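# Geometric and topological summary
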Amino acid sequence: MGGVNVWLARRFGASEITVVQTNPQLISIMQEDLAGRGGDVYLDERVDVINQDPRLFIERTERTFDIIQFVVAESMPSGSSGLHSLHEDYLLTVQAFRASLQRLSGDGFISITRGMQTPARDNIKIFGMVVEALKQTGVEDPAEHLLYSRNYIAVNVTASRTPISKNKIENFQNVCRELLMDIEHAPGIPLSVYEQQINRVPGPEGKRHSFYHEAAAAILSGEGERFYGSWVYDLRPATDDRPYFHNFFKWSSLGWFVETFGKLWYTRLELGYVVLAVTFLEVTIVAFVFILLPLLFLKKKRGEGGLFPVIFFACIGFGFMFLEMVFIQKYTKFMGDPIYSVAAALTSILVFSGCGSILQKYINQKPEHRIRIATVAILLIITIYLFFLDSLLRHFMDSGTAVRFILTVGFLFPLSFFMGWFFSSGVELLEEYAPHYIPLAWGVNGFSSVSASPLAVMLSMSFGFSRVIVAAAFLYLIAGTVTFTLSSSD
């Protein structure tokens, strides 16, 4: 935030202004090096500057506000979100909007303004997310709590926890007329108002209103899923379980983009997801050529258990990386910084899985029995995580960074520990039943681990973290079950 919105808040008489900025260097520049050029806005006694992740601040604060403005959303995005679509954004999710609504005072508002695109994209998604957030706060009719307007370059969504009064609706209409803005939704406004576009933009064929109103009407009437399914972009609301607001890619729309935009189709497509898909394809081919293919030329003895190393070591390779990638992304919200999340999650998963692997030689059980014990433990731990982890983490949001780092490591300890049981016990099992397949086991595990990283992100973007975690649990269940194919042949 460079200070423009602080100037606006002061211009309209705000008595207290809270600026939440993640970047400490930007705060330092605005308070020191460029303070004079910026009008000393960060040094104003009415301005409270907080260096913290905005989502973490919303979750931790007990303060209330008359206006909460999502300045981070106020960019002027191009037709494509590019590689930014690969990054999770916990400030632009339904749960973040819900938390913001709960931090409003009385009849306060949250406000999100974002640049327009053709075809319409970001602003429809934001509107749908705000509607869902209102429903989650207990609002029965979100239409009474929303104002939706635009000019020729940007769209604004304004929402209140309380129904918007007639007086405020009249003021809203007067301001829109003065600023030559089009109203796309306001409580009690007739259709004729939406059809009188000042800044004309595309709309449904045969109708005079815009696609923004068409989308708003569908979402508010309960037809949101139908509209999302028919649109060229993926506009499903981003959630904490699928926090990829900037991902709009739909495979089903690929042909439409090529046909509509010709040689420039890729400039309108969500290249982030495409790059990820190409990366997955490339690493899979390279991993096959350099890891699996050489194993096909090794002279191997014929023997039992040939299916075991392929299924078992592929499952634990994919399962391990699925959980590692998902928890790195999932803990970003709790830690408030992706760097801290990577450090904490990787520390826990790698160190404690290594400990679990080392301790296998001290456990007086057959390797197949150890694998089955670990399978049951992982299924139980994942079940607990799915139902209770998010609510448990919320209780520690107020803790300092060091405490949250230690908690992240601690929460991942039991799962990581049992994940480490599989590989060493699996190799030990092969040494007993089919030692000639050990090179194949290493190759399959290496191949699956390499391919799993981009695949885990793709699946998270499409289906959400919870389903990827369930998929990982299922893979470990298969790995535990397949041990019976060897032990039964003894």
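For the structure, check the block above.
Described in the following lines is the structure provided in the data block. (Residues numbered from 1 in each chain as written. Predicted model: local features only at pLDDT ≥ 70, side-chain atom pairs only at ≥ 80, totals over all residues. Heavy atoms only, no water.)

## Comments concerning the overall build of the chain
Within the chain, the regular secondary structure consists of 20 helices and 7 strands. Taking the principal axes of its C-alpha atoms as reference, the chain extends roughly 85 × 55 × 45 Å. A fraction of 76% describes how many contacts in the chain between residues 6 or more apart in sequence connect residues 24 or more apart. When the accessible surface of the chain is totalled, it reaches about 23,200 Å², and 61% of it is carbon and sulfur. (Helix = DSSP H or I, 4+ residues; strand = E, 2+ residues; numbered from the N terminus. Contact = heavy atoms within 4.5 Å. Areas by Shrake-Rupley, 256 points an atom, 1.4 Å probe, with all protein chains shown as cover.)

## Focus on helix H16 (residues 401-419)
Over its 19 residues, H16 extends 27 Å from the first C-alpha to the last, a length consistent with the 27 Å expected when each residue adds 1.5 Å. Listed in full, the buried residues belonging to H16 are Arg404, Leu407, Thr408, Val409, Phe411, Leu412, Leu415, Ser416, Phe417, Phe418 and Met419. In this structure, the buried residues of H16 make contact with helix H3 (54-60), helix H13 (307-335), helix H14 (338-358), helix H15 (367-394), helix H17 (421-433) and helix H19 (465-481). (Expected span 1.5 Å × (residues − 1). Buried < 20%, exposed > 50% of the residue type's maximum accessible area, 1.4 Å probe, protein only.)

## Topic: the packing of H15 against H19
Where H15 meets H19, the axes come as close as 9 Å, and the angle between the chain directions of the two elements is 165°. Between H15 and H19, the crossing angle belongs to the class labelled roughly antiparallel. You can see that H15 and H19 cross each other, and the crossing is left-handed. Across from Ile371, Arg372, Thr375, Ile378, Leu379, Ile382 and Leu386 in H15, the residues of H19 making contact are Ser466, Ile469, Val470, Ala473, Tyr476, Leu477, Ala479 and Gly480. The class makeup of the residues in the contact of H15 with H19 is 11 nonpolar, 3 polar and 1 charged. (Axes fitted to C-alpha atoms, helices over the stretch in contact; angles between N-to-C directions. Parallel < 35°, antiparallel > 145°, perpendicular 65-115°, else oblique. Left-handed = near helix turned anticlockwise from the far one by under 90°. Nonpolar A, V, L, I, M, F, W, Y, C, P; charged D, E, K, R; others polar.)

## Topic: the pattern of salt bridges
A complete count under the given rule lists 17 salt bridges for this structure. A salt bridge links Asp234 to Arg236, with the nearest nitrogen and oxygen atoms 2.9 Å apart. In this structure Asp234 comes out as buried when scored by relative accessible area, which is 8%. Each member of the salt-bridge network shares a partner with another, and the members are Arg55, Glu59, Asp240 and Lys333. (Salt bridge = Lys/Arg side-chain N within 4 Å of Asp/Glu carboxyl O.)

## Quick notes on the pairing of strand S6 (residues 154-160)
The two faces of a sheet get side chains in turn, since along a regular strand they alternate between them. By the criterion of burial, S6 is predominantly enclosed, with 7 of the 7 residues buried. The sheet contact formed by strand S4 (residues 104-115) and S6 spans 7 bridges and is antiparallel. Within S6, the residue paired with Phe109 across the bridge is Ser160. Note that strand S5 (residues 146-150) and S6 share 5 bridges and pair antiparallel. (Pairing = 2+ DSSP bridges.)

## Focus on the packing of aromatic side chains
Inspection of the entire model under this criterion finds 34 aromatic pairs. Note on Tyr233 and Phe248: the rings are 6.2 Å apart at their centroids and 70° apart in plane angle, and the pair reads as edge-to-face. Taken together, the residues span a long stretch of sequence, with Tyr233 in the loop between helix H9 (224-230) and helix H10 (254-261) and Phe248 in the loop between H9 and H10 at a distance of 15 residues. Each member of the pair, Tyr233 together with Phe248, is buried. In this structure, Arg10 is placed above the aromatic ring of Trp7, and the distance from its NZ or CZ to the ring centre is 4.4 Å. If you follow Lys125 out to its NZ or CZ, it ends over the ring of Phe245, 5.4 Å from the centre. (Phe/Tyr/Trp six-rings, centres within 6.5 Å; stacked < 30°, edge-to-face > 60°. Lys NZ or Arg CZ within 6 Å of the ring centre and 35° of its normal.)

## Focus on the sheet that holds strand S7 (residues 182-185)
The strand order S3-S4-S6-S5-S7 describes an open sheet built from 5 strands, whose pairing is mixed. Unpaired on one side and paired on the other, strand S3 (65-69) and S7 mark the two borders of the sheet. The sheet shows a mean angle of 20° between the axes of neighbouring strands, taken without regard to direction. Pairing between S5 and S7: 3 bridges, direction antiparallel. Its bridge partner being in S7, Ser149 is matched across the sheet by Ile183. Most of the contacts of helix H5 (residues 122-136) go to S5, to which it runs at about 175°, and overall it touches S4, S5 and S6.

## Some points on the packing of H5 against helix H8 (residues 211-220)
Running from amino to carboxyl end, H5 crosses H8 at an angle of 25°, the nearest separation of the two axes being 10 Å. By the angle class used here, H5 and H8 are roughly parallel. Considering the relative orientation of H5 and H8, their crossing is right-handed. Taken together, the residues of H8 that come into contact with H5 (itself represented by Asn123, Ile124, Phe127, Gly128 and Val131) are Phe211, Tyr212, Ala215, Ala216, Ile219 and Leu220. Taken together, the residues of the contact of H5 with H8 sort by class into 9 nonpolar, 2 polar and no charged.

## Structural notes on helix H1 (residues 4-11)
Here H1 has its buried residues at Asn5, Val6 and Arg10. Projection of H1 onto a plane perpendicular to its axis shows the buried side chains occupying an angular sector of 140°, all on one side. Structural note: H1 exposes Val4 and Arg11 on the side pointing more than 90 degrees away from its buried face. Positive phi shows up at Gly13, right after H1, with a value of about 85°. (Arc of directions from axis to C-beta.)

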